Amino acid sequence: MRCAPLALLLLAPLLGGCTRTADTFKPRIVITSPDGGGVSRARSFTVKGYALDDQGVTQLTVNGRSIPIQSGSRKIANFQFQTQLAGGRGEYTIAARDAAGNRGALVLPIAVDGTPPTVKVTRFERERNVVRVTGVATDNARVTEVSVDGKRLNITPGTRVDFYAETSGVYADIAVTDGAGNVTKLRARR
């Protein structure tokens, strides 16, 4: 009579508990452009994003219609589609399916925003060749960028953004951009 090696006898109870679990991870969808999510200056614009899945995305749809998955990894499936709004508001349902049949979806509200942000200089100082400017930028949706003399400031996007910058010269050129891409420019000087 031949006996199983001791190692197998000890591991058998442990190995019996090893089973592959089913794929229950639903694909996640992320919008990367436009910067404000679903806000644009125009009724027709390109939405870009990706669907993320641990096993890979097999299908992408927008409002039930298939859209192509761009070349590259299916685990990070890049996509884009063109919007066509009849009015000033709408929504798109973006869905992704993986090989196990799991479905993830994202409802993206779309709004047309033709209102540019506002910018107000609250303090302006010039000492020799150094200019210091303090101000506030506001928007009906979201300020996404403030730059002074072409240099982007580190801000937290929001409907109201306080900013401060130092530059050189006689004046400071300020540009404020909102999530829809509307831009307001102001030349601050004494």
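Summarised in this report is the structure supplied together with it.

Thresholds applied
In every chain, residue numbers begin from 1 and rise along the written sequence. A pLDDT threshold of at least 70 governs which residues receive local features in this predicted model, and a stricter bar of 80 or more applies before side-chain atom pairs are shown or counted, although totals over entire chains, interfaces and linings include all residues. Heavy atoms from the whole structure form the basis of all side-chain values; hydrogens and water molecules are not counted. Helix and strand definitions follow DSSP, with helices as H or I runs of at least four residues and strands as E runs of at least two, each counted in order from the N terminus. Three exposure classes are used, based on accessible area relative to the maximum for each residue type with a 1.4 Å probe and protein chains only: buried under 20%, partly exposed in between, and exposed over 50%. Between two residues, a contact is recorded if the distance between any of their heavy atoms is within 4.5 Å. Surface accessibility in these figures is a Shrake-Rupley result with a 1.4 Å probe; residues are shielded only by whichever protein chains are displayed. Stacked, edge-to-face and tilted labels apply to pairs of Phe, Tyr and Trp rings (six-membered ring for Trp) whose centres lie within 6.5 Å, assigned for plane angles under 30 degrees, over 60, and everything in between, in that order. Should the NZ of a Lys or the CZ of an Arg lie within 6 Å of a ring centre and within 35 degrees of the ring normal, that charge is described as sitting over the ring. Whether two strands pair depends on DSSP finding at least two bridges between them.

**Looking at the overall build of the protein**
A count of helical and extended segments in the protein gives one helix and 14 strands. Put simply, the protein has 190 residues, and 36% of those count as buried. For the protein, long-range pairs separated by at least 24 residues make up 57% of all intrachain contacts whose partners lie at least 6 apart in sequence. Surface accessibility of the protein: about 11800 Å² in total, with carbon and sulfur atoms responsible for 51%.

**Regarding the packing of aromatic side chains**
Taken as a whole and assessed by the stated rule, the structure comprises two aromatic pairs. Their ring planes at 15 degrees and their centres at 6.5 Å tell us that Phe 79 and Phe 81 sit as a pair that is stacked. Both residues of the pair, Phe 79 and Phe 81, belong to the buried class. Seen from their ring centres, Phe 81 and Tyr 92 are 5.4 Å apart, and the 50 degrees between their planes marks the pair as tilted. On the criterion of sequence distance, the pair formed by Phe 81 in strand E6 (residues 76-82) and Tyr 92 in strand E7 (residues 89-98) is long-range, its members being 11 residues apart. On the accessibility criterion, Tyr 92 (10% relative accessible area) is buried. Three or more aromatic residues link up through ring pairs in this structure, and these residues are Phe 79, Phe 81 and Tyr 92. The aromatic ring of Phe 25 is capped on one face by Arg 28, whose charged end is 4.6 Å from the ring centroid.

**Regarding the sheet that holds strand E2 (residues 39-40)**
In spatial order, the strands read E2-E8-E7-E4-E5; together these five strands make up an open sheet with mixed pairing. Each end of this open sheet is capped by a strand with a single partner; those strands are E2 and strand E5 (65-67). In terms of strand pairing, E7 meets strand E8 (residues 103-112) through nine bridges, oriented antiparallel. Looking at the pairing, Gly 90 lines up with Ile 110 of E8.

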